[in-house]
Amino acid sequence: MTDIEQLLLSRIRDVADYPEPGVMFKDITPLLADPTAFGALTEALAEIAVRQSATKVVGLEARGFILGAPVAVRAGVGFIPVRKAGKLPGATLSQAYDLEYGSAEIEIHAEDLTADDRVLIVDDVLATGGTAEASLELIRRAGAQVAGVAVLMELSFLGGRPRLETSLAGAPLESLLTI
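Note that this is a predicted model, so its numbers are computed, not measured.

**Q** Explain the sheet that holds strand β6 (residues 102–108) here, please?
**A** An order of β5-β6-β4-β3-β7-β8-β9 is seen for the 7 strands of this open sheet, with the pairing classed as mixed. Every other strand in the sheet has two partners, leaving β5 (93–99) and β9 (173–178) as the edge strands with one partner each. Sheet twist, expressed as the mean angle between neighbouring strand axes with direction ignored, is 25°. Pairing of β5 with β6 involves 7 bridges; the strand directions are antiparallel. Each bridged residue has a counterpart across the sheet, and for Ala-96 the counterpart in β6 is Glu-105. Here helix α6 (residues 160–168) sits on the sheet and contacts β5, β7 (118–126), β8 (145–154) and β9; the angle it forms with β9, its principal contact strand, is near 165°.

**Q** How should the packing of helix α5 (residues 130–141) against α6 be read in this particular structure?
**A** Each pair of packed helices gets described by two things: the angle between the helix axes and the distance between those axes. Where α5 contacts α6, the axes come no closer than 9 Å and their chain directions differ by 5°. One element, α5, and the other, α6, form an angle in the roughly parallel class. Residues Gly-130, Ala-132, Glu-133, Leu-136 and Arg-140 of α5 pack against Arg-163, Leu-164, Ser-167 and Leu-168 of α6. Taken together, the residues of the contact of α5 with α6 sort by class into 4 nonpolar, 2 polar and 3 charged.

**Q** What exactly am I supposed to notice about the pairing of strand β4 (residues 78–84) here?
**A** Within a regular strand, the side chains alternate between the two sheet faces. In terms of strand pairing, strand β3 (residues 56–60) meets β4 through 5 bridges, oriented parallel. Paired with Val-58 across the bridge in β4 is Ile-80. In this region the chain leaves β3, passes through helix α4 (residues 63–75) and returns to the parallel neighbour β4; the handedness of that crossover is right-handed. Note that β4 and β6 share 2 bridges and pair antiparallel. For Arg-83, the partnering residue across the bridge sits in β6 and is Glu-107.

**Q** Before we go on, may I ask you to explain unusual backbone geometry in this structure?
**A** Here the amide bond leading from Tyr-18 into Pro-19 is cis, since omega sits at 5°, within 30 degrees of zero. Inspection of the secondary structure puts Pro-19 in the loop between β1 (13–16) and β2 (24–27). In this structure, Ala-62 follows Glu-61 across a cis peptide bond, with omega equal to 0°. The residue Asp-17 is not glycine, and still its phi comes out positive at about 60°. Backbone geometry at Ser-53 places phi at a positive 55°, although glycine is not the residue there. Of note, Ser-53 is situated in the loop between α3 (35–51) and β3. Classification of Ser-53 by relative accessible area gives partly exposed; the value is 45%.

**Q** Looking at this model, I keep getting lost on the side chain of Asp-34. Mind explaining?
**A** Within the fold, Asp-34 resides in the loop between α2 (29–33) and α3. Under the relative-accessibility criterion, Asp-34 is labelled buried at 15%. For Asp-34, the side chain forms a polar contact with the main-chain nitrogen of Thr-36, separated by 2.8 Å.

How each quantity is defined
- Residues numbered from 1 in each chain as written.
- Predicted model: local features only at pLDDT ≥ 70, side-chain atom pairs only at ≥ 80, totals over all residues.
- Heavy atoms only, no water.
- Pairing = 2+ DSSP bridges.
- Helix = DSSP H or I, 4+ residues; strand = E, 2+ residues; numbered from the N terminus.
- Axes fitted to C-alpha atoms, helices over the stretch in contact; angles between N-to-C directions.
- Contact = heavy atoms within 4.5 Å.
- Parallel < 35°, antiparallel > 145°, perpendicular 65-115°, else oblique.
- Nonpolar A, V, L, I, M, F, W, Y, C, P; charged D, E, K, R; others polar.
- Right-handed = clockwise from strand over helix to strand, strands pointing away.
- Buried < 20%, exposed > 50% of the residue type's maximum accessible area, 1.4 Å probe, protein only.
- Polar contact = N/O pair within 3.5 Å; in protein donor to acceptor, adjacent residues only side chain to side chain.

Rendered as structure tokens:
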């Protein structure tokens, strides 16, 4: 295990039975409260953005905003939020997707992306991959290119990576931690 993996893992708190019995929630708030750990995380994700020649970072609501905005600043690129439906003013593109029990919808301002943009999607966790898959579709529908997906942690037992394989269309999926 690398030094950064040890640092990040040491700042992620397990919360049993949240949000429902039987779930072990991975709480990143202690990591965010530690400037050394948060700085190391930001730097690692920014290095991915630079390596993938990203021109924009998309952060997925809500913790993807917390991670993606400083990554974009550190990498010297723009930041675009992907929000839950109805949260963005003006014209948007929306994408519905299925959840384990129901469905959801996300939106983006299409005018914030161009055909010249290479977009890195940043989020805290890759679980089942539904939100990431919908965001990949949104970015392409907005006319931009996908530079990749970067997450703090991947919950491999939930199968998000295999689900995203087709949608990634060869773009990389990088996780700093795999659980």
